[in-house]
Amino acid sequence: MNRRRAPRRFSHSQRRDAPTGGEWRPRNQEQRRGPDKAWLRQEEGGERHEPQGKEAAPRGTCHTMCPAHELQVREAQNCLHRFEILAGTETYRPPCGDPSRAVKEYSRPAAGKDATTPTDLRPPAVLLKTVCYLIDDIAASTNLHPWTEVYGFVFDRLRGVKQDMIIQRVSGSDCVLILERMVRFLVYASYRLCGEPLRLYDPRINDTHLQENLSWLLDCYKAGTEQHPNQEEFQALGLLYNLGLSRAVRHIMELPEPLRSTPAIRLALSINRAYLERNPVRLLRLAQRLNFLQSCALHRHLVTSRRDLLHIFSHGYSSRNCRFPLHRLAQLLFLDKSLTVQLCLSYGVEVTQDDQVVFSKTAFNEPEQGKLHCKRYHNIVAEKQRDLTVRSIIDGCA
């Protein structure tokens, strides 16, 4: 006798409203036991590398930034990046690699390839040295151009660092120091490269890796017993970057009271509240109190906040005889007059020749996709950079 099959039940991750790759991802209790399982599935191509029993994690013995074997292979195949070529050999065919500048590439796990060979893995101290080199000598260099190429090189090599960390199950203070610099670099890149062509910079890929590194870092803070002096900074950065996301707010509210009451986190919570209440005037006013890196984390929400302000005013001041001073609107938007006029016109808001704004709820419309360039309205962030260098920003001096 054939029985009717029970209707299929969908898990939370299979539903249409399940979070996508760019959202905050709190991990369950099983995943909190260590980064090896979760991160290898999410980040390193989906191949499962699960420890069996109490098998010890491999320990790297490579004390250079790039394993000697890889350097030889890439040199023979002419696969060296120009940042890794030995000076004076650029015209050679193939050019020679510089052991002091070459950095291990990220490579996806392949069938039959052993990624746990100790001679190919760098221990935590060498990984930290590699990250410092990538930040201080490459990303912060004033002689290497364009920065899109610099970003591409550093981004790939940081993925290689992360891969070595996962395989060795690096944890503790070494893991925190490395992840903090990675997160700062990706937050800064999300601002600096905003608006670049997709062939040079993909914001979704950058966002995915930033969310993963940030989630791992916050788990390290939670799992460890030692004190982390930069925890306030990164808890606030996580909330500002994920503004309005309920999981991010819930994570902050579960922090100990002394940490939750620190100035940076309290300010981030105030900005998040203004965002949820759709109070763009207060949000933009509070944003003036952020430091440069915090503003970089917030910058992707500025277009939405200014759009909300114009939308609210278009309904609140919708009248044929009502005029709103342009200079006052520019103050509320924290833009100069010319940019305020451009923004108004993008949303169908009329600006008269005598610098008066005419709001109308029927005239307000959304700009065409790609017409509104976020980078044009970065003044809130740019004004805070002043004489800060890339090195000082990523080293935590912003």
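Up top is the structure these notes are about.
Remember, it's a predicted structure, so these values are computed and weren't measured experimentally.

Q: Mind showing me how you'd approach the packing of aromatic side chains here?
A: Both the distance between ring centres and the angle between the ring planes are used here to describe each pair of aromatic rings. This model, assessed by the stated rule, comprises 16 aromatic pairs. Ring centres of Tyr151 and Tyr201 lie 5.4 Å apart, and the angle between their planes is 75°; on these two criteria the pair is classed as edge-to-face. Here Tyr201 lies in the loop between helix 5 (172-192) and helix 6 (203-223) and Tyr151 lies in helix 4 (residues 147-168), a separation of 50 residues in the sequence. Three or more aromatic residues joined by ring pairs make a cluster, and in this case those are Trp147, Tyr151, Phe155, Phe185, Tyr188, Tyr191, Tyr201 and Phe292. Positioned over the ring face of Tyr106 is Arg159, at 3.9 Å from the centre of the ring.

Q: What is the right way to look at the nonpolar core in this model?
A: Nonpolar side chains in soluble globular proteins tend to be buried together. By size, the foremost hydrophobic cluster in this structure holds 99 residues, and its most contacted members are Trp147, Val154, Met165, Phe185, Ile271, Leu310 and Leu329. Every residue in contact with Phe185, bar those within four places of it in the chain, is listed here: Ile135, Ala139, Trp147, Tyr151, Val154, Phe155, Leu158 and Ile394. Ranked by size, the runner-up nonpolar core spans five residues in total, among them Cys66, Leu71, Leu80 and Ala102.

Q: Sorry if this is basic, but what is going on with the sheet that holds strand 3 (residues 356-358) here?
A: Strand-to-strand pairing in sheets goes through backbone hydrogen bonds, with the strands running parallel or antiparallel. The strand order across the open sheet built from three strands is 1-3-2, with neighbouring strands paired in antiparallel fashion. Two strands lie at the open edges of the sheet, namely strand 1 (324-325) and strand 2 (350-351), each paired on one side alone. Inspection of the sheet shows strand 1 paired to strand 3 by two bridges, in the antiparallel sense. In the sheet register, Phe324 faces strand 3, and the bridge partner there is Val357.

Q: So what exactly am I meant to see when it comes to the pattern of salt bridges here?
A: A side chain with one charge can pair with a side chain of the opposite charge if their charged atoms come near. If you walk through the whole model with that rule in mind, you get 21 salt bridges. Among the ionic pairs, Glu70 bridges to Arg74, the shortest N-O distance being 3.0 Å. Separated by four residues within a single helix, Glu70 and Arg74 lie in helix 2 (residues 68-76), roughly one turn from each other. You'll find Glu70 and Arg74 in the same group, each marked buried.

The rules behind these values
Residues numbered from 1 in each chain as written. Predicted model: local features only at pLDDT ≥ 70, side-chain atom pairs only at ≥ 80, totals over all residues. Heavy atoms only, no water. Phe/Tyr/Trp six-rings, centres within 6.5 Å; stacked < 30°, edge-to-face > 60°. Helix = DSSP H or I, 4+ residues; strand = E, 2+ residues; numbered from the N terminus. Lys NZ or Arg CZ within 6 Å of the ring centre and 35° of its normal. Core = buried A, V, L, I, M, F, W, Y, C linked by side-chain atoms within 4.5 Å. Buried < 20%, exposed > 50% of the residue type's maximum accessible area, 1.4 Å probe, protein only. Contact = heavy atoms within 4.5 Å. Pairing = 2+ DSSP bridges. Salt bridge = Lys/Arg side-chain N within 4 Å of Asp/Glu carboxyl O.

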